[in-house]
Amino acid sequence: MAQLAISKARLFLIAAALVLLSIALLLFLPPSVSSSAQLSTSDEAIERGEYLVIAGGCISCHRGEEDEASFAGGLALETDFGTFFAPNITPDMETGIGSWQAEDFLLALKHGRTPGGSFYYPAFPFRAYAGLSGQDVVDIGSYLMSLDPIANSVPAAQTPPWLNRWAMAGWNLMADISEVEYEAFDDDSLERGAYLARNLGHCSECHTPRNSLGILDARREFAGATLGEDVIEAIDAAAMEEWTAFDLDLFLLLGLKPDGDFAGGDMNDVIEHNTSKISDEDRAALAAFFTRHNASNDAQ
């Protein structure tokens, strides 16, 4: 009987070890991405990528300190979890992304993983970018690789000792559990607006509150948030009850609010570098989405 008990204990330990190994592999092994994806040097792909980078507002974070029109990085983002510095995303071989291939862009934007398999901190909005199409990601990469390389070494993130990149494996797992499934739209314009707001433009990253672990509270989408000492305005139904689609469109173009006031702070940069430069159709799609989003929330 004792031998049988020992055998059962061994089987339990082996089973537990296999479960832990499976979880470890799930969390730490780099996800698989398409190995057939290729960056392009065609004018069409680069032009599409440039537009996507504008629509994504990438310059607002990645602008260079000396040349704000470049993507040389260095801008500091202060959070409750430390200070993070936007990386150099020019194709410099030493300090930028000069060695990146299409797979690296897919790993980074859709999975939050570095070319070496480590994890990015969520100061980089990869969880929003996860919803991007693979083609959009590759076009973004094609454009960035067409830029002039700029040598600029960016400081490493300043975080508490307990907050390292591998801790992001558990954080991602908890963030996955907290996700909600949003409604799909039959209307193409509304679906495009949702894609721009939730994924490419990553509006939730600033305008949605987070819990104590920094995970977005998706059930309170666009309800406003705080970033350090900054208060980010809500853009949900309650905050924008009297806004029309025309008001939103005009705000995204010029920064003009219905009361005659203008946007300020970081939102001014978003409008200048991002929403004022996208197409009329995309700006109208964003306005339509937020109008529909607010109407849907009122009905719930």
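Residues numbered from 1 in each chain as written. Predicted model: local features only at pLDDT ≥ 70, side-chain atom pairs only at ≥ 80, totals over all residues. Heavy atoms only, no water.

Trainee: Could you clarify how one ought to interpret helix H6 (residues 134–144) in this entry?
Mentor: Two residues of an α-helix separated by three or four positions point the same way, owing to the 3.6 residues in each turn. In terms of residue burial, H6 counts as a mostly covered element, since nine of its eleven residues are buried. Taken together, the buried positions of H6 are occupied by Asp136, Val137, Val138, Asp139, Ile140, Gly141, Ser142, Tyr143 and Leu144. Taken together, the buried residues of H6 touch helix H2 (43–55), helix H4 (102–111) and helix H8 (188–200). (Buried < 20%, exposed > 50% of the residue type's maximum accessible area, 1.4 Å probe, protein only. Helix = DSSP H or I, 4+ residues; strand = E, 2+ residues; numbered from the N terminus. Contact = heavy atoms within 4.5 Å.)

Trainee: Explain the packing of aromatic side chains to me, please; I cannot follow it from the model alone.
Mentor: Each aromatic ring pair is described using two quantities: the centre-to-centre distance and the angle formed by the ring planes. If you walk through the whole model with that rule in mind, you get eleven aromatic pairs. Residues Phe222 and Phe289 carry aromatic rings whose centres are separated by 6.3 Å and whose planes lie at 80° to one another, so their mutual orientation is edge-to-face. With Phe222 in the loop between helix H9 (204–207) and strand S3 (225–227) and Phe289 in helix H12 (residues 280–299), the pair connects residues that are 67 residues apart, well separated along the chain. Residue classification places Phe289 among the buried residues on the basis of a relative accessible area of 0%. Here the aromatic rings of Trp243 and Phe251 are separated by 5.5 Å at their centres, their planes lie at 85°, and the arrangement is edge-to-face. Following the ring pairs from residue to residue traces out a cluster consisting of Tyr120, Phe124, Phe126 and Tyr129. The ring of Phe119 has Arg113 sitting right over it, with the charged end atom 4.0 Å from the ring centre. Against the face of Tyr182 rests Arg198, its NZ or CZ located 3.8 Å from the ring centre. (Phe/Tyr/Trp six-rings, centres within 6.5 Å; stacked < 30°, edge-to-face > 60°. Lys NZ or Arg CZ within 6 Å of the ring centre and 35° of its normal.)

Trainee: Help me out: how do you make sense of the pairing of strand S1 (residues 76–79) in this one?
Mentor: Across a regular strand the side chains alternate sides, sitting on one face of the sheet and then on the other. As paired strands, S1 and strand S2 (residues 82–85) are joined by four bridges and run antiparallel to one another. Within S2, the residue paired with Leu77 across the bridge is Phe84. Two successive antiparallel strands, S1 and S2, enclose a turn made up of two residues. (Pairing = 2+ DSSP bridges.)

Trainee: Help me out: how do you make sense of the pattern of salt bridges in this one?
Mentor: Pairs can form between side chains of opposite charge whenever their charged atoms are close. Counted according to the given criterion, the structure contains eleven salt bridges. In this structure, Arg192 engages Asp282 in a salt bridge whose closest nitrogen and oxygen atoms are separated by 2.9 Å. Of the two residues, Arg192 is situated in helix H8 and Asp282 in helix H12; the sequence distance between them amounts to 90 residues. Residue classification places Arg192 among the partly exposed residues on the basis of a relative accessible area of 27%. The salt bridge partner of Asp217 is Arg220, with a shortest N-O separation of 3.8 Å. A residue is classified by how much of its surface remains accessible, and Arg220, at 44% relative accessible area, is partly exposed. Taken together, the shared-partner salt bridges connect Arg127, Asp176 and Glu179 into one network. (Salt bridge = Lys/Arg side-chain N within 4 Å of Asp/Glu carboxyl O.)

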